[in-house]
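# Architecture and fold: a report
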Amino acid sequence: MRVVVPVLEVVPETPTTVTLTFPYPPPSEPGQFVMVWLPGQDELPMSLSQTEGPVKGVTIKAMGETTRNVLTLSRGTRIGIRGPYGRPFDLSPRRVLVVGGGSGTAVLAPAAEAAHRRGSTVTVALGATRAEELLFYRRLSSMEGGQVHVATDDGSAGEHGFVTVVADRLLDTGDYDALWTCGPERMMEKLRASARARAVPFFASVERQMKCSLGLCDACAFGPFHVCTDGPVFSGAQLEEVFDFGRFKRDASGSRVPP
Amino acid sequence: MRVVVPVLEVVPETPTTVTLTFPYPPPSEPGQFVMVWLPGQDELPMSLSQTEGPVKGVTIKAMGETTRNVLTLSRGTRIGIRGPYGRPFDLSPRRVLVVGGGSGTAVLAPAAEAAHRRGSTVTVALGATRAEELLFYRRLSSMEGGQVHVATDDGSAGEHGFVTVVADRLLDTGDYDALWTCGPERMMEKLRASARARAVPFFASVERQMKCSLGLCDACAFGPFHVCTDGPVFSGAQLEEVFDFGRFKRDASGSRVPP
Amino acid sequence: MAEGSFRVGSLRLRNPVLLASGIWGESGRSLAEAYRAGAGAVVSKSIGTLPRVGYPNPTVEVLGPWGMLNAMGLPNPGMERYPEEIAEARALGAPVVGSLFGKDAEEFASLAQAMARTGVVALELNLSCPHAKGYGSELGQDPDAVREVVRAVRSAVSLPVWAKITPNTHDPAGLAEAAEGAGADAITAINTARALAIDPTLARPVLAHGTGGLSGPALKPIGLACVWSIFERVRIPIVGVGGITTAEDAYEYILAGARAVQVGTAVSTHGVSVLGTVARGLDDWVRRGGFPDLDHAVGAAHPR
Amino acid sequence: MAEGSFRVGSLRLRNPVLLASGIWGESGRSLAEAYRAGAGAVVSKSIGTLPRVGYPNPTVEVLGPWGMLNAMGLPNPGMERYPEEIAEARALGAPVVGSLFGKDAEEFASLAQAMARTGVVALELNLSCPHAKGYGSELGQDPDAVREVVRAVRSAVSLPVWAKITPNTHDPAGLAEAAEGAGADAITAINTARALAIDPTLARPVLAHGTGGLSGPALKPIGLACVWSIFERVRIPIVGVGGITTAEDAYEYILAGARAVQVGTAVSTHGVSVLGTVARGLDDWVRRGGFPDLDHAVGAAHPR
Ligand SMILES: Cc1cc2nc3c(=O)[nH]c(=O)nc-3n(C[C@H](O)[C@H](O)[C@H](O)COP(=O)(O)OP(=O)(O)OC[C@H]3O[C@@H](n4cnc5c(N)ncnc54)[C@H](O)[C@@H]3O)c2cc1C
Ligand SMILES: Cc1cc2nc3c(=O)[nH]c(=O)nc-3n(C[C@H](O)[C@H](O)[C@H](O)COP(=O)(O)OP(=O)(O)OC[C@H]3O[C@@H](n4cnc5c(N)ncnc54)[C@H](O)[C@@H]3O)c2cc1C
Ligand SMILES: Cc1cc2nc3c(=O)[nH]c(=O)nc-3n(C[C@H](O)[C@H](O)[C@H](O)COP(=O)(O)O)c2cc1C
Ligand SMILES: Cc1cc2nc3c(=O)[nH]c(=O)nc-3n(C[C@H](O)[C@H](O)[C@H](O)COP(=O)(O)O)c2cc1C
Ligand code: FES
Ligand code: FES
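In what follows, the accompanying structure is described. (Residues numbered from 1 in each chain as written. Chains lettered and ligands numbered in written order. Predicted model: local features only at pLDDT ≥ 70, side-chain atom pairs only at ≥ 80, totals over all residues. Heavy atoms only, no water.)

Within chain C one finds 10 helices and 16 strands. Taking 2.2 N^0.38 as the reference for a compact globule, 304 residues should give roughly 19 Å; the C-alpha atoms of chain C span a radius of gyration of 18 Å, in line with that estimate. C-alpha extents for chain C along the principal axes are approximately 50 × 45 × 40 Å. The proportion of buried residues among the 304 residues of chain C is 68%. In chain C, 69% of the contacts between residues at least 6 apart in sequence involve partners at least 24 apart. With an accessible surface of roughly 10000 Å², chain C has 51% of that area assigned to carbon and sulfur atoms. Here chain C contributes 26 positive and 29 negative side-chain charges, whose respective centroids are spaced 3 Å apart. (Helix = DSSP H or I, 4+ residues; strand = E, 2+ residues; numbered from the N terminus. Rg over C-alpha atoms; globule rule 2.2 N^0.38 Å. Buried < 20%, exposed > 50% of the residue type's maximum accessible area, 1.4 Å probe, protein only. Contact = heavy atoms within 4.5 Å. Areas by Shrake-Rupley, 256 points an atom, 1.4 Å probe, with all protein chains shown as cover. Lys, Arg positive; Asp, Glu negative; His and termini not counted. Charge placed at Lys NZ, Arg CZ, Asp CG, Glu CD.)

Now the structure itself:
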């Protein structure tokens, strides 16, 4: 059931991304998402980037009209929250490679931290268009013993090029029990191939059009699954069953369109 | 919420009265009542004459069409039950005089037994039109150390005349912490006067037209009270506030008529 | 809100939370108790010309904490006897809104005259009785019948006239417009929604009458939608009713466009003190909503 | 009941429990999954001529375990694109009832022809779309419009035609009669009930569209009453829908007069396996009720 809460903090993360925190006591796990209602505008699915304790957080990148308006929200603004929804990351793997692309890192950060706290070894690779768009670089670097590898499209930080190249190298040089990723779907699709080739269990957090988030309306139909209830985290094996993955999404009318 | 249950036993108690038992686990206390639905006929309030354990019982006297049909019910007939409703007898008094008139004894028997089990001294006076209409004489006589005084209108058992006369004598010769009664309202009204005159706390189980039994419809309006939720057991002090007691009841239209 | 500062049209009441018709309304003393428990006014049981015993039991079915059905069948002592109940309620200080039902405009008008003589503060017309013209329908589902009834009552009495609207219609606002056009002073919305419960083990309806009316929390979203659409199309005040249990519920009705509310089923599920609790809590909600008074909150959820 | 022994009119289905329209119906694969989970057939999302994105979010509001509101706004990929979804569902073995919505008889008829070519087993006409003639009303609230639409579709296709009735009416049976008279093969009853949720802290409706439709358990007593009254007045089969979560609920609809049922909201609250669970349990209820088969239980709660 939806509750209306005040925004506690608006933390700029990159020039196009902010974190909103708000009081929301229901327990949640990394990988789960909430529906964020900006009254008078829209209600959007957002992964929790802060999953512990009574104050939760979401990290939002300006994409369209609504998310652009989020950048200018102020403390105290009332927003509606319902959830958490969906299935979280399985935190049991001992050696995890985390590959984030752009705002996809939002959902990976709490998962990486939780795994790290449980004693897993967490290796992180982050991709972004340019240095200042790197999300949660500092947050993830501060995990003790962890290492954050970087790639940017323009070479302004880390490697010049795609984070998938960095990920492939890491896969080739290290041993991993799992690869976790969230980011542009074509990036994830590439990583799935890389992980499969190396027999590393693969888990991706997938985004689709969402309306009900209750497994009712079919807006998030994804092969035999619904992203809202069966995902957003899917295993490589599950994704094998989804023809659309990396190929199609559905727009708000339910029509298949390129992802 | 209503449940439909099979009648387990149909026990004849007098030529005009039967006890029905049925499985109904919800806990109840002596003085409370249930709504008994005879599908296709009517739904009537009936005090529980058996309040303990998962099998409950009601003891019904043939008065009108529906209750006459009850005499011919057979084992296995399905009836609807909802409740228990209402406030029970306070079982704390140590010396109780119980005065039953006709089928009113149905509600007094489990109360008398419960008080007796708790160690109270219970004296019983029963009235009926004639010997064979005495209800629960044997049941109440079997309470260890208890005593059952009897009056019949035709003198065919016990004293010839009204049970109120017996009660008055008992009140004059014994000490009581409470008088409990159920029966014709004019009888109860007389007993109230007797108890008041002797400063014996008085409690009566009152009958009124009932429809919802939920304190909603006002069918059982009784001064400032509703019999279904504030009663059916009322104290003498409460009855002081009810002009209608002993004077008027309401018919199904809500019109005041003689009791 | 200061005592007595609150109005529905020309009628002043101590607060905007009323007891709904048919609940605690058969006896004058019960009406008075509901007023004592904190209601702003109390609506009587719907009264017809002759005594009616109503339908046989079972007359109610509890579906869950979220709702119940009833088919009482308009039991009432009739207009000849009922004035003694109103007299008792009035003697105890309670302002009574007299609810009426009849088969046609003529019967409504003559009931209205009789009810007006009892000293009620307003009349509420229960238009949910079987309609002779339309098989299986209610008089209050037909805008022409509503217009006729309201007009007849309007010209028979000078008291405020409230028309109570059914949700069993495709166009509640159209019915309200008909009532407004005919001179109604307020719209009460809504009565119960037509509903049925079947006992599967017995393969028969639970209520003796068969179908009944849904009340309680599940009726709230339906009542809110009716008030919402009525508010968009009439100017006279709306009295919201249907599933109100908490002050928050009442406030939602106010935001949707109601100027007062009535509480029915919750008197049973939450005790009669719910009337005072809702009245006090509503005042808090209005204040916390930043409105100077309730009038400013009326309809505030509509886009401006 | 043996597989395939069950019928709605001339249509044979493996069991009488269908997936309701608008639930899991945007993609063919989801329809197939619902069939695999045990539905007797699946009803598609309501399809119109052109793609529609529907209303903005929020499109749903959960009120409690007893009900929810939605105002999706009929999102659908349009009749040009949707056949590929039906093809996928059929390829996976699922019998699909194609649901349609249009603004008038002509649009319905041409949609029906297009839908018929996709290989659906029947058509369901969703008559709950805004009606041009009546302000604020649905096309399906007007018996004349219902008659016109059904007649046009009837003469355009040879498939079974089901008319889906709204509860937002004073006379559901009258609408059903209109559909029957115009040649409908079955009545589906009911769609959601008009309802509203307001957020009191924000003083605004929760759903972006304002009003929405009530579904889930709270709709069951309303749906049962509609099926009850329709059964009394039409002879074609009725498909009952509204608040069915358990086999007991489905059986109550059968006793009220339905020959098949649809399950919507419960697919979300109880998972898609609810379809198979209800189908199997319904069979048990029919047997335990002492009926030789489901046909004998249809309408059995009506007085004979
Ligand atoms: C489970 C889930 C979790 C999510 N978590 C987050 C999160 O943590 N942070 C976050 O910023 N967003 C997240 N999203 C995406 C978010 O819900 C919005 O879809 C996105 O922010 C765009 O919102 P908008 O209304 O401003 O853009 P729109 O007006 O809808 O679109 C603006 C432009 O961006 C494109 N676009 C929109 N969404 C996407 C997308 N998902 N992928 C690629 N292109 C897109 C559109 O095609 C369009 O060109 C999540 C989505 C899902 C399903
Ligand atoms: C809280 C409560 C508990 C009850 N417990 C029992 C019980 O344990 N056993 C039991 O047999 N009955 C009990 N009753 C009474 C019972 O509910 C019926 O009212 C009564 O049995 C008559 O039913 P009927 O429909 O057959 O008679 P009706 O057809 O209603 O009436 C037949 C005749 O009996 C008269 N009559 C009906 N009821 C009464 C009455 N209460 N007092 C005096 N005259 C009456 C009528 O005026 C009429 O002349 C209780 C009532 C209440 C309110
Ligand atoms: C037991 C009962 C009896 C009712 N009797 C009447 C009546 O006589 N006249 C009337 O206009 N409404 C009557 N109603 C309808 C209520 O006044 C009210 O409109 C409806 O119950 C919705 O409000 P609620 O959900 O708060 O109960 C009755 C309702 C119930 C539950
Ligand atoms: C999210 C949602 C979308 C719906 N979309 C449609 C639709 O497109 N066409 C239609 O005829 N009914 C639609 N309905 C109504 C359902 O088919 C069904 O009639 C209603 O929900 C009542 O059944 P339920 O209580 O089992 O959900 C929709 C219902 C819901 C909850
Ligand atoms: S968003 Fe509606 S089914 Fe997933
Ligand atoms: S029986 Fe309805 S209030 Fe007591």
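With that out of the way, let us pick up the relation of the copies chain D and chain C. There are two copies of the chain, and a rotation about an axis plus a shift along that axis relates them. With an axial shift of 0.0 Å and an RMSD of 0.0 Å, the rotation relating chain D to chain C amounts to 180°. Seen this way, the second copy is the image of the first under a two-fold rotation axis. Considering only C-alpha atoms, the residue of chain D closest to the rotation axis is T169 of chain D, which sits at 2.2 Å. In this assembly the copies share their binding face: 100% of the residues contributing to the interface of chain D also contribute to that of chain C. (Least-squares fit on C-alpha atoms with pLDDT ≥ 70 in both.)

Residues and elements named next belong to chain D. Near ligand 4, the surroundings consist of 24 residues, among which S21, S46, K164, G243 and T265 are the closest. Here an oxygen atom of ligand 4 sits 2.9 Å away from a polar atom, N or O, in the main chain of G264. Coverage of ligand 4 by the protein amounts to 97% of the 610 Å² it exposes when considered alone. The residue makeup of the shell around ligand 4, split by class, is nine nonpolar, 13 polar and two charged. (Near = heavy atom within 4 Å. Polar contact = N/O pair within 3.5 Å; in protein donor to acceptor, adjacent residues only side chain to side chain. Nonpolar A, V, L, I, M, F, W, Y, C, P; charged D, E, K, R; others polar.)

Attention now moves to the pattern of salt bridges. For the coordinates displayed, the defined rule picks out 66 salt bridges over all chains. For R198 of chain B, the salt bridge is made with D172 of chain B, and the minimal N-O distance between the two is 2.6 Å. Of the two residues, R198 of chain B sits in the loop between α5 (185-197) and β13 (202-205) while D172 of chain B sits in helix α4 (residues 163-173), which places them 26 residues apart along the sequence. Residue class for D172 of chain B comes out exposed when judged on its relative accessible area of 53%. Between D284 of chain D and R287 of chain D there is a salt bridge whose closest N-O contact spans 3.1 Å. Here the residue D284 of chain D and the residue R287 of chain D both occupy positions in helix α9 (residues 274-288), the gap between them amounting to three residues, near one helical turn. On the accessibility criterion, D284 of chain D (34% relative accessible area) is partly exposed. Using a relative accessible area of 53% as the deciding quantity, one classes R287 of chain D as exposed. (Salt bridge = Lys/Arg side-chain N within 4 Å of Asp/Glu carboxyl O.)

Okay, empty space enclosed by the protein next. The final tally for this structure, using the stated rule, is three cavities of 30 Å³ or more. By volume, the largest cavity is sized at about 160 Å³. For the lining of the largest cavity, the secondary-structure elements that each account for two or more residues are β11 (193-195) and α6 (220-233) of chain C together with β11 (193-195) and α6 (220-233) of chain D. When its residues are assigned to classes, the lining of the largest cavity shows eight nonpolar, three polar and two charged. By volume, the second largest cavity is sized at about 40 Å³. M1, R2, R82 and Y85 of chain B together with V60, E61 and V62 of chain C are the residues that line the second largest cavity. (1 Å grid on protein atoms, 1.4 Å probe; cavity = no way out; pocket = protein on both sides within 12 Å on 5 of 7 lines; lining within 4 Å. Points joined across faces, edges and corners; volume = space filled by probe spheres on them.)

Turning our attention to the side chain of N15 of chain C. Residue and element names in this part refer to chain C. Note on placement: N15 falls in the loop between β2 (11-13) and β3 (17-19). At 3.1 Å, the side chain of N15 forms a polar contact with the backbone nitrogen of G40. If we skip the residues at most four places from it in the chain, N15 touches F6, G38, A39, G40 and A279.

Remember, this is a structural readout, not a statement about activity or role.
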